[in-house]
Amino acid sequence: MSNVTRKHTALPKAQILIEALPWLTRHRGKTVVVKFGGNAMIDAELKAAFAQDIVFLHHAGLKPVVVHGGGPQISAALDRHGIVSEFKAGLRVTTEDAMDVVRMVLAGQVQRELVGLLNEHGPLAVGLTGEDAHTITATKHRPTIDGRLVDIGRVGEITAIDTGAIEALLADGRIPVVSSIARSQDDGHVYNVNADTAAAALAAALDAETLMVLTDVEGLYEDWPNSDEVISRLTATQLEKLLPELASGMVPKMEGCLHAVRNGVTTARVIDGRVQHSILLEIFTDEGIGTMVVPDDEEAGDAE
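An account of the accompanying structure is given in this report. (Residues numbered from 1 in each chain as written. Predicted model: local features only at pLDDT ≥ 70, side-chain atom pairs only at ≥ 80, totals over all residues. Heavy atoms only, no water.)

Next up on the list: unusual backbone geometry. A positive phi is found at Asp146, a non-glycine position, where the angle reads about 50 degrees. With respect to the secondary-structure elements, Asp146 resides in the loop between strand S7 (144-145) and strand S8 (148-149). Judged by its relative accessible area of 75%, Asp146 falls in the exposed class. Even without a glycine there, the phi angle at His277 is positive, about 60 degrees. Relative to the helices and strands, His277 resides in the loop between strand S17 (267-272) and helix H10 (278-284). (Helix = DSSP H or I, 4+ residues; strand = E, 2+ residues; numbered from the N terminus. Buried < 20%, exposed > 50% of the residue type's maximum accessible area, 1.4 Å probe, protein only.)

Here you go:
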């Protein structure tokens, strides 16, 4: 390759790196909570790209914390064990037998795989569940359906977060990977907690700069299904008004974003996990993808 050709191929790479400079400066030392889910959890290439992104954030001086659920993997494992998956009010009814499987899949399979992918890049990731060091404490969640409280088993509602173990890992230069399981303060049982909700609660408790939630859509649509125009930015109050109209799968994600920005997190973003390296695109470029939620007191353009 001639020197002239080399200069031409190297320059765009240098320009891309330089474009990231203001963002590197802004985010250095900040905590970023990333909810890993959707297709990015199942597709091998997307999984590998996700791991690269998280390790990149770490080496760029940010402090990533990964939170994951595992809906598809849990459903598959319950099928194998002959346990029927039942949903009420959009939540999985979790019997005692089902809870054993949920815990095994989240902590013993999904988390282990993710820790392994991250650790291909160095001794970085440490897996824990909400049970460890009282990271997440819950109480039994009883949703209201048709005006009546319904028992859906071992599904928990978060009552407290203790960030001590996560902060110790971050201070030691590690990447915590948290499974969304919690121990109850009332009855000693272990509960399944919605991973979007857990990520948002952790982001607020850690005083994170950003909460990022990976989804299988491009973001929050302006007028779905009539339009596929994505809302690129909205305030907490604007989001609150939209919540009743959202599809059920988006509700915990957007409620999580709302909780985060109302409790000290600077920005919360829902991004398309089907796009390789969507996390890097969102954090280090001007072409942010997905939907960003900001606190009400942010003037337009201020949180970019």
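In spatial order, the strands read S5-S10-S2-S1-S13-S17-S18-S16; together these eight strands make up an open sheet with mixed pairing. If you trace the sheet from one side to the other, it starts and ends with strand S5 (125-129) and strand S16 (233-235), each paired once. Across the sheet, the mean angle separating the axes of adjacent strands is 20 degrees when strand polarity is ignored. Bridge count for strand S13 (residues 210-215) against S17 is six bridges, and the pairing is parallel. Residue pairing in the sheet places Val213 in a bridge with Val270 of S17. Docked against the sheet, helix H5 (residues 96-119) engages strand S1 (31-36), strand S2 (63-68), S5 and strand S10 (175-179), running at close to 165 degrees with respect to S5. Relative to S17, helix H9 (residues 251-262) is tilted by about 155 degrees, and along the sheet it contacts S1, S13, S17 and strand S18 (291-294). (Pairing = 2+ DSSP bridges. Axes fitted to C-alpha atoms, helices over the stretch in contact; angles between N-to-C directions. Contact = heavy atoms within 4.5 Å.)

Enumeration according to the criterion identifies two cavities of 30 Å³ or more in this entry. Within this model, the largest cavity holds a volume of roughly 60 Å³. Lining of the largest cavity is provided by Ala40, Leu46, Ala49, Phe50, Asp53, Leu214, Gly273, Val275, Gln276, His277, Ser278 and Ile279. Those elements that provide at least two residues to the lining of the largest cavity are helix H3 (44-59) and H10. Residue contributions to the lining of the largest cavity peak at four residues, all from H3. Per-class residue counts for the lining of the largest cavity are seven nonpolar, four polar and one charged. Each pocket or cavity is described by its volume, and for the second largest cavity that value is around 50 Å³. As for the second largest cavity, its lining consists of Phe36, Met41, Lys47, Gln73, Val110, Glu113, Leu114 and Leu117. Tallied by class, residues from the lining of the second largest cavity come to five nonpolar, one polar and two charged. (1 Å grid on protein atoms, 1.4 Å probe; cavity = no way out; pocket = protein on both sides within 12 Å on 5 of 7 lines; lining within 4 Å. Points joined across faces, edges and corners; volume = space filled by probe spheres on them. Nonpolar A, V, L, I, M, F, W, Y, C, P; charged D, E, K, R; others polar.)

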